[in-house]
Amino acid sequence: MPPSMKRLAILTSGGDSPGMNAAIRSVVRTALGRGLEVLGIRNGYDGLIDGEISPMKSVDVGGIIGRGGTILRSGRSPRFMEPEGRAAAARTLKENAVEWLVVLGGDGSLTGAKLLHEEQGVAVIGLPGSIDNDIPCTDLSIGFDTAINTAVEAIDKIRDTAYSHDRVFVIEVMGRRNGFIALEAGLAGGAEAILIPELPFDLPGICDMLRAGVAKGKRSSIIVTAEGAATASSVQEFLQKETGYEVRCLVLGHMQRGGSPTALDRVLATRMGAEAVKVAMAGYDCHTIGLVGTKLVAEHLGVVLSTQRNVDPERLLLAEVMAL
Ligand code: ADP
């Protein structure tokens, strides 16, 4: 018996990010409010392939706006990388009479969504969920603001102890391929130097800067490094050897993924989730929602995935001036 109401399904995929729950809540409640049935898929693309799909009601998303992670759970699916896996995923959607699929995840997940559309004709709408903020065509991805605030909180705490003991600290933040978190958190935390994978850095120059700082009476220095630029321990070793100062290091790691989302991420996720439902019902079928300035835009996934998102080098220059 075909369902009388149109159906929309949602999944979260790839690395989780704070604010995903707020987005799920928004998609579910907006869709229900527009007279759709909503299905939740557990465990990302693997769950879609295996048919882990069930109806979601408004009450199922109650009380989750402030919770990190994703109630639908996320994950990586090597099977979905293959055309057979995507065909199986499309079968699940067909068997459940799903008209639209909302995919909340990073650039890998969105690449998979685009292929699902191209090969299987599934109407997909992407939502950018990534603490790295590396998804093109959106100023912000869901989770980035929370991640940088977590990093800044850590930098502030370390600054207190570094100041009390005349120490240099090297703090490693996430960012294997890019320095968005390092730049933003470093600037906000008043870091004396920021190392990012996109631009060359000068460790002997940083040693000179540290010596000059001590000569001026500076009590502490903090170097922020993106994991893809240099590990905290390698920077620590170099600086300590060259300057003779006591240098400590700290790797923030996965704590940057967790935690209660900031107000900014909650509002962003709520706005984007509602927009995803709206554009799906308006006939968009291979698009991602992005924030450009203050406005939400739906951009074709083909455009999003062939665009490069670059860091703003001005921010690095600004951080250098602030460290003088
Ligand atoms: P993120 O979405 O956070 O960037 P991944 O890159 O690990 O995380 O991607 C998550 C999942 O999306 C993968 O496990 C896979 O199932 C799917 N995916 C990623 N890249 C592709 C691709 N090129 N083709 C098909 N599916 C992909």
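Residues numbered from 1 in each chain as written. Predicted model: local features only at pLDDT ≥ 70, side-chain atom pairs only at ≥ 80, totals over all residues. Heavy atoms only, no water.

### Thoughts on the pattern of salt bridges
This structure, assessed with the given rule, holds 16 salt bridges. With a shortest N-O distance of 2.8 Å, R86 and E119 are connected by a salt bridge. In this pair, R86 sits in helix α3 (residues 83-95) while E119 sits in helix α4 (residues 107-120), placing the two residues 33 residues apart along the sequence. (Salt bridge = Lys/Arg side-chain N within 4 Å of Asp/Glu carboxyl O. Helix = DSSP H or I, 4+ residues; strand = E, 2+ residues; numbered from the N terminus.)

### Concerning the site of the ligand
Surveying the vicinity of the ligand reveals 16 residues, the closest of which are R76, S77, G106, G108 and S109. Take G108: an N or O atom from its main chain is 3.0 Å from an oxygen atom of the ligand. For the ligand, an oxygen atom lies 2.5 Å from a polar atom in the side chain of S109. For the ligand, whose unbound accessible area comes to 550 Å², protein coverage reaches 79%. By residue number, the principal contributor to the shell around the ligand is α4, which donates six residues. (Near = heavy atom within 4 Å. Polar contact = N/O pair within 3.5 Å; in protein donor to acceptor, adjacent residues only side chain to side chain. Areas by Shrake-Rupley, 256 points an atom, 1.4 Å probe, with all protein chains shown as cover.)

### Considerations on the sheet that holds strand β8 (residues 221-226)
Within the open sheet, the four strands sit side by side as β7-β8-β6-β9. Their pairing is parallel. Edge strands, defined here as strands with exactly one partner in the open sheet, are β7 (193-195) and β9 (247-251). The sheet shows a mean angle of 20° between the axes of neighbouring strands, direction not considered. With respect to the sheet, helix α6 (residues 180-188) is in contact with β6 (168-173), β7 and β8, its orientation differing from that of β7 by roughly 170°. (Pairing = 2+ DSSP bridges. Axes fitted to C-alpha atoms, helices over the stretch in contact; angles between N-to-C directions. Contact = heavy atoms within 4.5 Å.)

### Quick notes on the domain arrangement of the protein
Domain assignment breaks the protein into domain 1 (7-143 + 261-305) and domain 2 (147-258). For domain 1 versus domain 2, the separation of C-alpha centres amounts to 35 Å. Contact with domain 1, which involves eleven residues of that partner, is made by eleven residues of domain 2. When domain 1 packs against domain 2, the two sides together hide about 880 Å² of surface, and 47% of this comes from carbon and sulfur. Inspection of the domain 1/domain 2 interface yields one salt bridge. Between D134 and R177 there is a salt bridge, and its shortest N-O distance comes to 3.8 Å. Linking domain 1 with domain 2 are two residue pairs in polar contact (both at pLDDT 80 or more), by the criterion used here. Class assignment for the residues of the side of domain 1 that touches domain 2 results in two nonpolar, five polar and four charged. (Domains from an automatic or database assignment. Buried area = accessible area lost by both parts, 1.4 Å probe. Nonpolar A, V, L, I, M, F, W, Y, C, P; charged D, E, K, R; others polar.)

### Quick word on the sheet that holds strand β10 (residues 286-292)
Strand order in the open sheet made by the seven strands is β3-β2-β1-β4-β5-β10-β11, with mixed pairing throughout. The open sheet is flanked by β3 (53-55) and β11 (295-300), the only strands paired with a single partner. Going from strand to strand, the sheet's axes swing by 25° on average, the running direction of each strand aside.

### Concerning the nonpolar core
V173, I181, I194, L195, I206, I223 and L239 are the most contacted members of the largest nonpolar core, which has 44 residues in total. Listed by contribution, the elements that provide at least two residues to this core are α5 (144-165), β6, α6, β7, α7 (203-216), β8, α8 (232-243) and α11 (313-322). Residue contributions to this core peak at nine residues, all from α5. The residues contacting I181, other than those within four sequence positions of it, are I131, D132, F144, A147, I148, V173, M174, G186 and Q256. Judged by nonpolar contacts, the second largest core, of 32 residues, contains A23, V38, I125 and L268. (Core = buried A, V, L, I, M, F, W, Y, C linked by side-chain atoms within 4.5 Å. Buried < 20%, exposed > 50% of the residue type's maximum accessible area, 1.4 Å probe, protein only.)

### A word on the state of the cysteines
A full pass over the atoms with the stated rule returns zero disulfides. Here C249 stays free of any disulfide, with the sulfur of C207 as its closest cysteine sulfur at 15 Å. Classification of C249 by relative accessible area gives partly exposed; the value is 29%. (Disulfide = S-S within 2.5 Å.)

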